Amino acid sequence: MPEVRGHTESYLSLADSPFFRGLPANMVEQALAHVVTRQHPANRVILLENDWGTSVYFILSGWVKIRTYNIDGKEVTLNIIGRGELFGEMAPLEEVPRSTDVITLTPTVVANLPALDFVNLVNTEPQAGIRLAKLMARRLRQLNRRLRLREADSTARVADILLFLADGQGKQGTGGIEIPNLPHRELSSLSGMARETVTRVLGKLERKGMIKRGHDTLCISDPRALENLLL
C-alpha cells in the first residue's frame, strides 16, 4: 500500500480540514504526530464490518461509500462522503467492532489517525468534542430525512439524494452546485430504488433544466426547484 507521510499540495492538508481548523495549534500538532497518509485506488475496501477500530480516517481527496447489508443479504449504501469528511470514529469511541464497510468510489487519499490519539483529542479539547457532536447530528438529520421520504414518489427520492450529496460535499460552480456524477448503481443503492428508475428520473430532471450532467460532475442548476419536489 503506498504511503505518504506528511502533507503534499495535491490534496487537502489534514491540519486545514474542517474538523481541525481553528483548534489550538499545540493540540493539533500532538494529535497529528502519528498520522500516516495512504493512497487507495477505486473500489478498494478500506474498512470491513466487525473489524476493530485502530484508526480514524480523514478523506483528503476522493470519495468513499459506507455500506452494510440487509437481512436478505442485499447491499445497502448508508452514506457517500468525500474530501474533508471523516469516518470510522464510532468504533474507537465505543470500543466496539466496526458496524459498516467502507469502499472507495474513486482514487482516494486518506489520512489514518491512530484511534487513541483521536479519543485523547476529543476528551481533552472541548471544541473537538463539539465538532464531533455536530457532525453526528448532521448525519442523523440527513438519515432521518431520507427515511421520511422512503414512501415518497421516485422523483422526490432522487431529488432528495442529490440534495443530500450537495449538503455534504457540494461546491458552488458557475452553473450551480456541483456534486460528483456517481454511477447510477450507487445512487440506486443510496436511494433504495431500482437503477433503471434512477436513470429515468435523472433524465427527466435534466430535460427540465434542474440538473446538468457531465463526465465527472453533476451540476444542480436549480436547488430550490429540487427542494420543491420534496413538498
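In this report, we go over the structure that sits alongside the text. Since this is a predicted model, take the numbers as computed values, not measurements.

1. A closer look at the side chain of Arg67
Moving on, step 1. By secondary structure assignment, the location of Arg67 is in strand 5 (residues 63–69).
Moving on, step 2. Leaving out residues up to four positions away in the same chain, Arg67 has contacts with Glu75, Val76, Thr77, Leu78, Thr100, Asp101 and Ile103.

2. What to know about the sheet that holds strand 6 (residues 75–82)
Moving on, step 1. As summarised here, the arrangement of the 4 strands in space is 3-8-5-6, forming an open sheet in which the pairing is antiparallel. Unpaired on one side and paired on the other, strand 3 (45–47) and strand 6 mark the two borders of the sheet. Pairs of neighbouring strands in the sheet enclose a mean axial angle of 30 degrees, with direction left out of account.
Moving on, step 2. Bridging between strand 5 and strand 8 (residues 101–104) involves 4 bridges; their strand directions are antiparallel. Following the sheet pairing, Lys65 is matched in strand 8 by Ile103.
Moving on, step 3. Contacts from helix 6 (residues 184–191) reach strand 5 and strand 6 within the one sheet, and its direction differs from that of strand 6 by about 110 degrees.

3. Focus on the pattern of salt bridges
Moving on, step 1. Taken as a whole, this structure holds 9 salt bridges when the rule is applied.
Moving on, step 2. Ionic pairing is found between Lys65 and Glu75, a salt bridge with its closest N-O pair at 2.6 Å. Of the two residues, Lys65 is situated in strand 5 and Glu75 in strand 6; the sequence distance between them amounts to 10 residues.
Moving on, step 3. Counted as one network, the salt bridges with shared partners bring together Lys65, Arg67, Glu75, Asp101, Arg185 and Glu186.

4. Some words on the nonpolar core
Moving on, step 1. In terms of nonpolar packing, the biggest core is built from 29 residues, with Val158, Leu162, Leu165, Leu202, Leu205 and Leu226 touching the most fellow members.
Moving on, step 2. Taken together, the elements giving at least two residues each to this core come down to helix 5 (154–169), helix 6, helix 7 (195–207), strand 13 (217–220) and helix 8 (223–228).
Moving on, step 3. The element contributing the most residues to this core is helix 5, with 9 residues.
Moving on, step 4. Residue contacts for Leu202: discarding those within four places in its chain leaves Val158, Leu162, His184, Leu187, Ile211, Arg213 and Leu218.
Moving on, step 5. If you look at the next biggest cluster of nonpolar residues, it comprises 22 residues, including Phe20, Val56, Phe58 and Ala128.

5. A closer look at the packing of aromatic side chains
Moving on, step 1. Applying the stated criterion across every chain yields a total of 6 aromatic pairs.
Moving on, step 2. Between the aromatic rings of Phe19 and Phe20, the centroid separation amounts to 5.2 Å while the plane-to-plane angle is 80 degrees, which identifies the pairing as edge-to-face.
Moving on, step 3. Arranged with centres 5.2 Å apart and planes meeting at 45 degrees, the rings of Phe20 and Phe58 form a pair that is tilted. Here Phe58 lies in strand 4 (residues 55–61) and Phe20 lies in the loop between strand 1 (3–4) and helix 1 (25–31), a separation of 38 residues in the sequence.
Moving on, step 4. Residue Phe58 is classed as buried on the basis of its relative accessible area, which comes to 1%.
Moving on, step 5. These aromatic residues form a ring-pair network of at least three members: Phe19, Phe20, Phe58 and Phe118.

6. Comments concerning the sheet that holds strand 12 (residues 211–213)
Moving on, step 1. Taken in spatial order, the 4 strands line up as 10-11-13-12 in an open sheet, and their pairing is antiparallel. Both outer strands of the open sheet, strand 10 (171–173) and strand 12, are each paired with one neighbouring strand and no more. Across the sheet, the mean angle separating the axes of adjacent strands is 35 degrees when strand polarity is ignored.
Moving on, step 2. Of the strand pairs in this sheet, strand 11 (residues 176–180) and strand 13 are connected by 4 bridges, and their pairing is antiparallel. Looking at strand 13, one finds that Glu178 is bridged to Cys219.
Moving on, step 3. Here helix 7 sits on the sheet in contact with strand 12 and strand 13, set at roughly 115 degrees to strand 12.

The rules behind these values
- Residues numbered from 1 in each chain as written.
- Predicted model: local features only at pLDDT ≥ 70, side-chain atom pairs only at ≥ 80, totals over all residues.
- Heavy atoms only, no water.
- Helix = DSSP H or I, 4+ residues; strand = E, 2+ residues; numbered from the N terminus.
- Contact = heavy atoms within 4.5 Å.
- Pairing = 2+ DSSP bridges.
- Axes fitted to C-alpha atoms, helices over the stretch in contact; angles between N-to-C directions.
- Salt bridge = Lys/Arg side-chain N within 4 Å of Asp/Glu carboxyl O.
- Core = buried A, V, L, I, M, F, W, Y, C linked by side-chain atoms within 4.5 Å.
- Buried < 20%, exposed > 50% of the residue type's maximum accessible area, 1.4 Å probe, protein only.
- Phe/Tyr/Trp six-rings, centres within 6.5 Å; stacked < 30°, edge-to-face > 60°.

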